[in-house]
Amino acid sequence: MSSVSHFANDIPKSAFPADLTRGRKSLNWNGIVPGIVLVTMITAVAFSARNVSGFALFSPMILAVVAGMIYSNVLGTPVHAKAGIAFSQKRLLRFAIVLLGFQLTLGQVVSIGAGGVGIVAATLGATFVFTITLGRLIGVDAKLAQLIAAGTSICGASAIVATNSVADARDEDVTDAVASITLFGTVAMLGLDQHAFGLWAGASIHEVAQVIGAGFQNGTQSGEIATVAKLTRVAMLAPMVVALGLMARRRSSSEVAARPPMPWFVAAFVAIVALNSLVPVPAEVKSAMALATTIMLTMGLAAMGLQADISQLRSRGLRPLALAFSAFLFIGCFSLMLVKFT
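Residues numbered from 1 in each chain as written. Predicted model: local features only at pLDDT ≥ 70, side-chain atom pairs only at ≥ 80, totals over all residues. Heavy atoms only, no water.

**Student:** Can you explain the overall build of the protein? Please cite residues and give values.
**Tutor:** From N to C terminus, the protein includes 17 helices and 0 strands. A buried classification covers 51% of the 342 residues belonging to the protein. Residue pairs in contact within the protein that sit at least 24 positions apart in sequence constitute 80% of those at least 6 positions apart. Carbon together with sulfur atoms contributes 65% to the accessible area of the protein, which is approximately 15200 Å² in total. (Helix = DSSP H or I, 4+ residues; strand = E, 2+ residues; numbered from the N terminus. Buried < 20%, exposed > 50% of the residue type's maximum accessible area, 1.4 Å probe, protein only. Contact = heavy atoms within 4.5 Å. Areas by Shrake-Rupley, 256 points an atom, 1.4 Å probe, with all protein chains shown as cover.)

Written out as structure tokens, the structure is:
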């Protein structure tokens, strides 16, 4: 990691683009390249770490958050890299959510049947309400609880980023939510048949990659059903963000109320899903898009880690982690009950 520090600090410094903070926003690529290079190196460390014994269970996204936090809090983040880090955290993450649309078609949603869709929807709604309510009871900040609820009930880091576009939480809240959610993404076998296990895994596990890994570990049919069930949850991201946006507009100031209830990248995600459903996309293209999505999500989360202050995260105590763990247990048990008895 020290070699990364020397390399990042040797990158030629560039002035921050003045028009990033006033008037029409445009990009000064010379100003953001150093930060993107640093984020890319942190991302490479995260992917490489998964080859180390004991780290393979963790997604590259959580490893990137941790690596970024270690770098920034131990070595310090170069000032001239901050513009590129902010670019990675905001724009790359949102573009990755758009590309998620290439992994889903409406036909896939229909293929798991009305009962499967009902289980997914009921699990999502119940988990969201449970997490928000418990967060209020144990004293977790409302915006942080909302991020944890979205990440648990829908699709992990992607849902947290999309939800924050209307929740407008602090960067530390986003990092805290992502770290807590991804930490509880590993599950065990439950003795279900392949169809039931696939439906349960897709309805309850947080990240798409974790669902695929757990599903196919139990068999091909299980993996296919788990993937479709999970992507059905991803499809519910758009209506969830719209609903939260409308709620925020009702109770917030006029400045917040002026924002559209559906952010542009969520609308673009819906458009890509529609396009993917109507126009056949080659498997090679879908595979490339899936890899690009994972890389960009990891880069965005590495950027979050680089901007996280461990002392601020520590000041919140264990309550956010306890909330995430409780939500994890709830979604697993609730979805298992529905799969067993419906």
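Having seen the model, we can carry on.
**Student:** Explain the side chain of Thr293 to me, using residue names and the numbers behind them.
**Tutor:** By secondary structure assignment, the location of Thr293 is in helix α15 (residues 283-306). The residues touching Thr293, leaving out its near neighbours within four places in the chain, are Ala96, Leu99, Leu100 and Gln103.

**Student:** Pulling in residues and values, what's your account of α15?
**Tutor:** Compared with the 34 Å implied by 1.5 Å per residue over 24 residues, the 35 Å span of α15 between its first and last C-alpha is a close match. Those residues of α15 not exposed but buried are Thr293, Met296, Leu297, Thr298, Met299, Gly300, Leu301, Ala302, Ala303, Met304, Gly305 and Leu306. (Expected span 1.5 Å × (residues − 1).)

**Student:** A description of the packing of aromatic side chains should follow, citing residues and the corresponding values.
**Tutor:** Inspection of every chain in the model, using the stated rule, returns 4 aromatic pairs. Relative to Trp200, the ring of Phe197 has its centre 5.8 Å away and its plane inclined at 45 degrees; by these criteria the two rings are tilted. Placement of the pair is Phe197 and Trp200 together in helix α9 (residues 194-204), with a separation of 3 residues, close to one helical turn. Taken together, the ring pairs in this structure connect Phe130, Phe330 and Phe334 into an aromatic cluster. (Phe/Tyr/Trp six-rings, centres within 6.5 Å; stacked < 30°, edge-to-face > 60°.)

**Student:** Describe the side chain of Arg233, naming the residues involved and giving the relevant values.
**Tutor:** Tracing the sequence through the fold places Arg233 in helix α11 (residues 220-235). A distance of 3.4 Å separates the side chain of Arg233 from the backbone oxygen of Ala203, its partner in a polar contact. Among all residues touching Arg233, those that are not within four sequence positions of it are Val120, Leu124, Thr152, Ser153, Ile154, Ala201, Gly202, Ala203, Ser204, Ile205, His206 and Ile331. (Polar contact = N/O pair within 3.5 Å; in protein donor to acceptor, adjacent residues only side chain to side chain.)

**Student:** How would you explain a nonpolar patch on the surface if you had to name every residue and give the values?
**Tutor:** On the surface, Val66, Ile70, Val74 and Leu75 cluster together into a nonpolar patch covering about 340 Å² of accessible area. Following the sequence through the fold, Val74 ends up in helix α3 (residues 60-75). For Val74, a relative accessible area of 65% gives the class exposed. (Patch = residues over 30% accessible without salt bridge, like charges linked within 9 Å, V, L, I, M, F, W, Y side chains within 5 Å. Salt bridge = Lys/Arg side-chain N within 4 Å of Asp/Glu carboxyl O.)

**Student:** Which residues make up the nonpolar core, and what values go with them?
**Tutor:** Ranked by internal contacts, the top residues of the largest apolar core, which has 95 residues, are Leu38, Val178 and Leu237. The biggest single contributor to this core is helix α7 (residues 142-167), with 15 residues. When near neighbours in sequence (up to four residues on either side) are disregarded, Leu237 contacts Ile97, Ile154, Cys155, Ala159 and Ala162. (Core = buried A, V, L, I, M, F, W, Y, C linked by side-chain atoms within 4.5 Å.)

**Student:** A description of the packing of α7 against α11 should follow, citing residues and the corresponding values.
**Tutor:** Where α7 contacts α11, the axes come no closer than 9 Å and their chain directions differ by 105 degrees. Here α11 runs roughly perpendicular to α7, going by the angle between their axes. Note on element contacts: α11 touches α7 through Lys230, Arg233 and Val234, opposite Thr152, Ser153, Ile154 and Cys155. Residue composition of the contact of α7 with α11, by class: 3 nonpolar, 2 polar and 2 charged. (Axes fitted to C-alpha atoms, helices over the stretch in contact; angles between N-to-C directions. Parallel < 35°, antiparallel > 145°, perpendicular 65-115°, else oblique. Nonpolar A, V, L, I, M, F, W, Y, C, P; charged D, E, K, R; others polar.)

**Student:** Which residues make up the environment of Ala229, and what values do they have?
**Tutor:** Take Ala229: it is sitting in helix α11. When its relative accessible area of 0% is taken as the criterion, Ala229 is described as buried. Remark: the alpha-carbon pair of Ala229 and Gly202, spanning 27 residues in sequence, is separated by 4.6 Å. Discounting chain neighbours no more than four positions away, the residues touching Ala229 are Ile112, Val120, Gly198, Leu199, Gly202 and Ala203.

**Student:** Would you mind going over α11 in detail, with residue names and values included?
**Tutor:** Residues lying three or four places apart along an α-helix face the same way, a consequence of the helix completing one turn every 3.6 residues. Here α11 is 16 residues long and its end C-alpha atoms lie 23 Å apart, about the 22 Å a rise of 1.5 Å per residue gives. When you tally the buried positions in α11, you get 12 out of 16 residues, the bulk of the element. Turning to α11, its buried residues are Ser222, Gly223, Ile225, Ala226, Thr227, Val228, Ala229, Lys230, Leu231, Thr232, Arg233 and Val234.

Everything listed is a geometric property; what it means functionally is a separate question.
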